[in-house]
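Results of the structural survey
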Amino acid sequence: MWPLLLNHLLLRPLRAAGSARIVNLSSATEKYGRIRLNDIHLEKGWSTFKSYTQAKLAMNMTTRKMAKEWAEYGITINALNPGFIKTNLLRQIKGWERWIGVPYMYFCASKPEKGADRILRLALSKEYENISGKFVYEDAIREPNPLDLDDSLVEQVWALSKKQVGL
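Below is a short write-up of the structure. (Residues numbered from 1 in each chain as written. Predicted model: local features only at pLDDT ≥ 70, side-chain atom pairs only at ≥ 80, totals over all residues. Heavy atoms only, no water.)

Observations concerning the pattern of salt bridges
- Taken as a whole and assessed by the stated rule, the structure comprises 10 salt bridges.
- Where aspartate 151 meets arginine 64, a salt bridge forms, and the shortest distance between an N and an O atom there is 3.4 Å. Residue aspartate 151 is located in helix α6 (residues 151-164), and its partner arginine 64 is located in helix α3 (residues 48-70); the two are separated by 87 residues in the primary sequence.
- Assessed through its relative accessible area of 43%, aspartate 151 is described here as partly exposed.
- The class for arginine 64 is buried, based on a relative accessible area of 14%. (Salt bridge = Lys/Arg side-chain N within 4 Å of Asp/Glu carboxyl O. Helix = DSSP H or I, 4+ residues; strand = E, 2+ residues; numbered from the N terminus. Buried < 20%, exposed > 50% of the residue type's maximum accessible area, 1.4 Å probe, protein only.)

Observations concerning the nonpolar core
- In terms of nonpolar packing, the biggest core is built from 13 residues, with Leu4, Leu14, Ile22, Met66, Trp70, Ile75 and Ile77 touching the most fellow members.
- Considering every element that reaches this core, the biggest residue donor is α3, with 3 residues.
- Every residue in contact with methionine 66, bar those within four places of it in the chain, is listed here: Leu4, Asn7, Asn24, Ile77 and Trp158.
- Core analysis: the second largest hydrophobic core is formed by 8 residues, Ile35, Ile40, Leu57 and Val157 among them. (Core = buried A, V, L, I, M, F, W, Y, C linked by side-chain atoms within 4.5 Å. Contact = heavy atoms within 4.5 Å.)

Things to note about the pairing of strand β1 (residues 20-25)
- Covered by surrounding structure in β1 are Ala20, Ile22 and Asn24 only, the residues Arg21, Val23 and Leu25 on the alternate face being uncovered.
- Where β1 meets strand β2 (residues 75-81), 6 bridges bridge the pair, whose relative direction is parallel. By the bridge assignment, isoleucine 22 is partnered in β2 with isoleucine 77.
- Regarding the hand of the β-α-β motif, the stretch spanning β1, α3 and β2 is right-handed. (Pairing = 2+ DSSP bridges. Right-handed = clockwise from strand over helix to strand, strands pointing away.)

With respect to the packing of helix α1 (residues 2-9) against α3
- Running from N to C, α1 and α3 cross one another at 20 degrees; their axes reach a closest spacing of 10 Å. The orientation of α1 relative to α3 falls into the category roughly parallel. Here α1 runs over α3; the crossing is right-handed. Along its contact with α1, which presents Pro3, Leu4, Asn7 and His8, the element α3 presents Met59, Thr62, Met66 and Trp70.
- Looking at the contact of α1 with α3 residue by residue, the classes come out as 5 nonpolar, 3 polar and no charged. (Axes fitted to C-alpha atoms, helices over the stretch in contact; angles between N-to-C directions. Parallel < 35°, antiparallel > 145°, perpendicular 65-115°, else oblique. Left-handed = near helix turned anticlockwise from the far one by under 90°. Nonpolar A, V, L, I, M, F, W, Y, C, P; charged D, E, K, R; others polar.)

Points about the packing of α3 against α6
- For the pair α3 and α6, interaxial distance at closest approach is 9 Å and the crossing angle is 95 degrees. By the angle class used here, α3 and α6 are roughly perpendicular. In this structure, α3 uses Ala58, Met61, Thr62, Arg64, Lys65, Met66, Lys68 and Glu69 to contact α6, whose residues at the interface are Asp151, Leu153, Val154, Glu155, Val157, Trp158 and Ser161.
- Considered class by class, the residues forming the contact of α3 with α6 number 7 nonpolar, 2 polar and 6 charged.

Overview of unusual backbone geometry
- Although it is not a glycine, leucine 42 sits at a positive phi angle of roughly 55 degrees.
- Secondary-structure assignment places leucine 42 in the loop between β1 and α3.
- Overall, the relative accessible area of 2% leaves leucine 42 in the buried class.

Focus: the side chain of threonine 76
- By secondary structure assignment, the location of threonine 76 is in strand β2.
- Given the relative accessible area of 10%, threonine 76 is considered buried.
- Beyond its immediate stretch of four places on either side in the chain, threonine 76 contacts Ala20, Arg21, Ile22, Glu129, Ile131 and Ser132.

What about the sheet that holds β1?
- With mixed pairing, 4 strands are arranged side by side in an open sheet as β1-β2-β3-β4. Taken across any chain shown, the strands that pair with only one partner, and hence form the sheet edges, are β1 and β4 (140-142). With strand direction ignored, the average angle separating the axes of adjacent strands in the sheet is 40 degrees.
- With 3 bridges connecting them, strand β3 (residues 135-137) and β4 associate as antiparallel partners. Note that in β4 the partner of phenylalanine 135 across the bridge is arginine 142.
- In the packing of α3 onto the sheet, the strands contacted are β1, β2 and β3, and the crossing angle to β2 comes to about 165 degrees.
- Lying on the sheet, helix α5 (residues 112-124) is in contact with β1, β2 and β3; it crosses β1 at an angle near 150 degrees.

Following this line, the structure appears as structure tokens:
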């Protein structure tokens, strides 16, 4: 939800620029996400995975919504899964997930520069100049989680997200 707030706080200068691009970072795990409108903070059955996948799905939903609303201002906005990148993402995970995840990340993940290149490509290349409201998976536009295409659910997530951040 915080990227939603940041995007809104930047709306005025982005509109003044005449054209702008926003890249929201998402994840391939968004496909496992489910929106729990009656338990958005996952107080019943919280897990790192549920929380992360729900957040990334909501990110994609709000990205699509903003893309529609802000198109008239010359702003494009897309969600990007930059790939499996070596980060500190797993530093807080405990138990068996840590013993498997950390070595797997160390040996299999791409260098941070690869993720940065993908972000910059989406933000700056002519290839994505007029593309907006999409989920970009590494180097190609992909279909998102089917829930991301449920306009009724997107509207509910949009309203709830705006309320949560005070918009």
